[in-house]
Amino acid sequence: FFPRVVVAEESEDDLVTAMPKGTGTILFVDDEEDIVQMRTRMLTYLGYNVLPAIGPEQAMSYFLRNPEQIDLVITDHTMPRKTGLQLAAEINAARPDLPIFLCSGYSEAVTAEESARAGIRRFLAKPVDMRLLATAIREFLPGQDGGKS
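Residues numbered from 1 in each chain as written. Predicted model: local features only at pLDDT ≥ 70, side-chain atom pairs only at ≥ 80, totals over all residues. Heavy atoms only, no water.

Visitor: What is the right way to look at the sheet that holds strand 4 (residues 100–104) in this model?
Guide: Strand pairing in a sheet is mediated by backbone hydrogen bonds. Such pairs are either parallel or antiparallel. What the 5 strands build is an open sheet, ordered 2-1-3-4-5; its pairing is parallel. Across the chains shown, the open sheet's two edge strands, defined by having one partner strand only, are strand 2 (49–54) and strand 5 (120–125). Each strand axis lies, on average, 20 degrees off the axis of its neighbour in the sheet, ignoring direction. For strand 1 (residues 25–30) and strand 2, the ladder comprises 6 bridges, and the chain directions are parallel. Note on strand 2: the bridge partner recorded for T25 is N49. Set on the sheet, helix 3 (residues 56–65) makes contact with strand 1 and strand 2; between it and strand 2 the angle comes to about 140 degrees. Relative to the sheet, helix 4 (residues 84–94) contacts strand 1, strand 3 (72–76), strand 4 and strand 5, its axis offset from that of strand 4 by approximately 175 degrees. (Pairing = 2+ DSSP bridges. Helix = DSSP H or I, 4+ residues; strand = E, 2+ residues; numbered from the N terminus. Axes fitted to C-alpha atoms, helices over the stretch in contact; angles between N-to-C directions. Contact = heavy atoms within 4.5 Å.)

What follows is the structure, given as structure tokens:
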């Protein structure tokens, strides 16, 4: 009874090209190599220079080599040997101005007070939506036009 409507499906490429792009260097930390590779490709496509770290040890190695090079840190919370919250606290002690995002599948795992003390500026629930991540990053890093849009 209803007329047929042909709707063009949005492809994943359309979704990515519609996301806000930016500039800056992001330290991306996760203990799962596949996630690090996938997010690195996405963030690179959006214009960011990405330092991909598989685990907190590699992340601290990048950070200690040149802490002023990094504009934003995105870290998983649950990792072996050191949590993302512990990593954030270490980074925040050295550079309190550096924005840090914490990604976790368990929102109850971290309190607001713990997050604030560790320098967490954003909490992102897993699985992390690509558009939400791109938008959150743009709140802290400039766009490709040099300004925030």
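Visitor: Can you walk me through helix 2 (residues 33–45) in this structure?
Guide: Because an α-helix completes one turn every 3.6 residues, residues spaced three or four positions apart along the sequence face the same direction. Over its 13 residues, helix 2 extends 18 Å from the first C-alpha to the last, a length consistent with the 18 Å expected when each residue adds 1.5 Å. The set of residues buried in helix 2 consists of V36, R39, T40, M42 and L43. Elements that come into contact with the buried residues of helix 2 comprise strand 1, strand 2, strand 3 and helix 6 (130–140). Among the residues trailing helix 2, G47 stands out with phi positive, at a value near 105 degrees. (Expected span 1.5 Å × (residues − 1). Buried < 20%, exposed > 50% of the residue type's maximum accessible area, 1.4 Å probe, protein only.)

Visitor: Just to check I follow, could you spell out the pattern of salt bridges for this structure?
Guide: Pairing between side chains of opposite charge can happen when their charged atoms approach one another. Under the defined criterion, the tally for this structure stands at 7 salt bridges. Two residues, K126 and D30, come together in a salt bridge whose shortest N-O distance is 3.3 Å. Of the two residues, K126 sits in the loop between strand 5 and helix 6 while D30 sits in strand 1, which places them 96 residues apart along the sequence. Residue class for K126 comes out partly exposed when judged on its relative accessible area of 29%. A salt bridge links R122 to E139; its shortest N-O distance comes to 1.9 Å. Remark: E139 occurs in helix 6 and R122 occurs in strand 5; sequence separation between them is 17 residues. Overlapping salt bridges, with partners in common, bring together D30, D76 and K126 in one network. (Salt bridge = Lys/Arg side-chain N within 4 Å of Asp/Glu carboxyl O.)

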